[in-house]
Amino acid sequence: MRILDTRLQHVSLTTPDGPFSLVADDSHVLASGWTCDITSLVELIHPELRERTGHRDPAPDAETPQPPGPSVLDQAVEAVEAYYAGDTSAVDSVPVQQRSGPFREHAWEVLRQVAPGAPLTYAGYAQRAGRPAAVRAAAGACAMNAAALFVPCHRVIRTDGGLGGFRYGVQIKQSLLQREAAPARSPHADPRRGSPAR
């Protein structure tokens, strides 16, 4: 883990979909995505949240001692590792904070309630967010989402079944959707029987 300043921290890890990085303050993930470019992630964070952390210039190469005790970054890393190990709902409980207008903030909260393996269309997402006619605004909430995976904008697809856009590429979006479509292995399964233990 590296510290960008006294309250903004980041980490990068390797996933089957490529490098995945997270930027967090003391209590929330503020940005995340399939990139090693920490500066680009920091730029996605709303200025109000950057100012609150006292962030100035990112210094991703400056190594600083890790603060004592578990952090939200530790929790987020564990959740990403569990997600890729098959627990696709592991990321749901990681605290995230983003800032925007009221509709977009509400739309991001709605996204966090979209279950793995049950993608919505953009029209369905707009309806679930309470504004059925605001399909473009719902798509905009996906496009402006800074906390990819934790706010699962990849679970929104086109009405015709097409993937639509994704900041980190449609190949990663497709990979995530395929991963989530596969049934999760039960932690109680008996591998000798190939079926859940009773």
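What counts and what doesn't
Residues numbered from 1 in each chain as written. Predicted model: local features only at pLDDT ≥ 70, side-chain atom pairs only at ≥ 80, totals over all residues. Heavy atoms only, no water. Buried < 20%, exposed > 50% of the residue type's maximum accessible area, 1.4 Å probe, protein only. Helix = DSSP H or I, 4+ residues; strand = E, 2+ residues; numbered from the N terminus. Arc of directions from axis to C-beta. Contact = heavy atoms within 4.5 Å. Lys, Arg positive; Asp, Glu negative; His and termini not counted. Salt bridge = Lys/Arg side-chain N within 4 Å of Asp/Glu carboxyl O. Core = buried A, V, L, I, M, F, W, Y, C linked by side-chain atoms within 4.5 Å. Phe/Tyr/Trp six-rings, centres within 6.5 Å; stacked < 30°, edge-to-face > 60°. Lys NZ or Arg CZ within 6 Å of the ring centre and 35° of its normal. 1 Å grid on protein atoms, 1.4 Å probe; cavity = no way out; pocket = protein on both sides within 12 Å on 5 of 7 lines; lining within 4 Å. Points joined across faces, edges and corners; volume = space filled by probe spheres on them. Nonpolar A, V, L, I, M, F, W, Y, C, P; charged D, E, K, R; others polar.

Brief notes about helix 4 (residues 102-111)
Among the residues of helix 4, Phe-103, Ala-107, Trp-108, Val-110 and Leu-111 are the ones counted as buried. Seen from one end, helix 4 has its buried residues packed into an arc of 155 degrees, which puts them on one side. Where helix 4 is buried, its residues touch helix 5 (122-128), helix 6 (135-143) and strand 6 (156-157).

Some words on the environment of Gln-113
Relative to the elements of secondary structure, Gln-113 occurs in the loop between helix 4 and strand 5 (120-121). Among the residues examined, Gln-113 registers a relative accessible area of 58% and is labelled exposed. Considering only alpha carbons, one finds Gln-113 and Asp-92, 21 residues apart in sequence, at a separation of 8.2 Å.

Digging into the side chain of Lys-173
Within the secondary structure, Lys-173 is located in helix 7 (residues 170-181). It turns out Lys-173 is buried and unbridged, and the closest side chain with the opposite charge, Asp-160, is 10 Å from it. Ignoring anything within four residues of it in the chain, the contact list for Lys-173 reads Tyr-122, Cys-153, His-154, Val-156, Ile-157, Leu-163, Gly-164, Gly-165 and Phe-166.

Focus: the nonpolar core
Leu-22, Val-23, Trp-34, Leu-111, Tyr-125 and Phe-150 are the most contacted members of the largest nonpolar core, which has 54 residues in total. Here Tyr-125 is in contact with Ala-107, Trp-108, Val-110, Leu-111, Leu-120, Ala-138, Ala-141, Cys-142 and Val-156, once residues within four sequence places are set aside.

Quick look at the packing of aromatic side chains
How two aromatic rings sit relative to each other is set out by the distance from centre to centre and by the angle between their planes. Under the definition given, this model contains 6 aromatic pairs. Seen from their ring centres, Trp-34 and Phe-166 are 5.9 Å apart, and the 55 degrees between their planes marks the pair as tilted. A residue pair is termed long-range when its members are at least 10 positions apart, and Trp-34 in the loop between strand 4 (29-33) and helix 1 (38-44) and Phe-166 in the loop between strand 6 and helix 7 qualify at 132 residues. Comparing Trp-34 with Phe-166, the two get one shared label, buried. Here a set of aromatic residues connected by ring pairs shows up, and it is made of Phe-20, Trp-34, Phe-150, Phe-166 and Tyr-168. Against the face of Phe-103 rests Arg-131, its NZ or CZ located 4.4 Å from the ring centre.

Re the layout of surface pockets
Here the largest pocket is characterised by a volume of approximately 190 Å³. Lining of the largest pocket is provided by Tyr-122, Ala-139, Cys-142, Ala-143, Asn-145, Ala-148, Cys-153, Gly-165, Phe-166, Arg-167, Tyr-168 and Lys-173. Top element by residues in the lining of the largest pocket is helix 6. It accounts for 3 residues. Here the lining of the largest pocket is composed, by residue class, of 8 nonpolar, 2 polar and 2 charged. Estimates place the volume of the second largest pocket at around 160 Å³. Along the walls of the second largest pocket sit 14 residues, with Leu-44, His-46, Arg-99, Trp-108 and Met-144 positioned nearest its centre. When the residues that make up the lining of the second largest pocket are grouped by side-chain class, the tally is 7 nonpolar, 4 polar and 3 charged.

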